[in-house]
Amino acid sequence: NERLEYMDLGSNDISDEGVLALSHMLAAKGKRALENPHLHPFALKRVVFSTNPISFRGFGTYAAAATMCKMTHTEFAGAAVADAGCRMLARYLATNVALRVVDLAWNKPAITADGIWVMVDALSSNRSVEHLYLNDNRLLDSGAKALAKILKVNTGLKEINISGNSIGP
């Protein structure tokens, strides 16, 4: 369906294999749309994978496809993306100019300060991300320092949620 703009796949027990299959389809459609947008329009901008057991492997493949397709939302709240997924996302944030929302809230295992520190350079230079949800992870004080470093130079961020991260005394 070339007119489909939003797909919510949350809470469906989708694994890495399911995300890989969808990512390959998205990459193929995105490539066709880039080559000939009038013949192959591509409207899908938001896919929700929240509360599925998706690890950094599935997330990394999706991040690559989402960059090619110019997806505006990456929603993996309650997944298992962890710090390794942050490293993969950092790779694509440097070139992704369409992404507006990154939702990695309450990941299990939790995203830690290490995950945020690997994204510092990418989020410092990326001006498209406006909303960053990292609530209920395990950023601690060090993760807050990483976010402060990002905020010193990134003027595109409009909203950050880091509640429930054991920051401060």
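Since the model is a prediction, treat every value here as computed from it, not as a measurement. (Residues numbered from 1 in each chain as written. Predicted model: local features only at pLDDT ≥ 70, side-chain atom pairs only at ≥ 80, totals over all residues. Heavy atoms only, no water.)

Quick look at the sheet that holds strand β1 (residues 6-8) now. If you trace the 6 strands from one edge of the open sheet to the other, you get β1-β2-β3-β4-β5-β6, paired in parallel fashion. Each of the sheet's edge strands pairs with one partner strand only, and the pair in question is β1 and β6 (159-161). Between one strand axis and the next, the sheet turns through 0 degrees on average, direction left out of account. Of the strand pairs in this sheet, strand β5 (residues 131-133) and β6 are connected by 3 bridges, and their pairing is parallel. Bridge pairing links Leu132 to Ile160 in β6. (Pairing = 2+ DSSP bridges. Helix = DSSP H or I, 4+ residues; strand = E, 2+ residues; numbered from the N terminus. Axes fitted to C-alpha atoms, helices over the stretch in contact; angles between N-to-C directions.)

Attention now goes to the nonpolar core. Counting residues in each nonpolar core, the largest one holds 42 residues, and the members touching the most others are Val47, Phe49, Tyr62, Phe76 and Leu104. Secondary-structure elements contributing two or more residues to this core are α1 (16-35), α2 (56-69), α3 (82-93), α5 (120-125) and α6 (140-153). Per-element tally for this core: the top contributor is α2, with 5 residues. (Core = buried A, V, L, I, M, F, W, Y, C linked by side-chain atoms within 4.5 Å. Buried < 20%, exposed > 50% of the residue type's maximum accessible area, 1.4 Å probe, protein only.)

Since one α-helical turn is 3.6 residues long, residues separated by three or four positions face the same way. The first and last C-alpha atoms of α1 sit 28 Å apart over 20 residues, in line with the 28 Å expected at 1.5 Å per residue. Those residues of α1 that sit buried are Asp16, Val19, Leu22, Ser23, Leu26, Gly30 and Ala33. One side of α1 holds all its buried residues, which, seen down the axis, span an arc of 120 degrees. α1 presents Glu17, His24 and Glu35 as exposed residues on the side facing more than 90 degrees away from its buried surface. Packed against the buried residues of α1 are β1, β2 (46-48) and α2. (Expected span 1.5 Å × (residues − 1). Arc of directions from axis to C-beta. Contact = heavy atoms within 4.5 Å.)

So, to be careful, I would describe these as geometric facts and stop short of saying anything about function.
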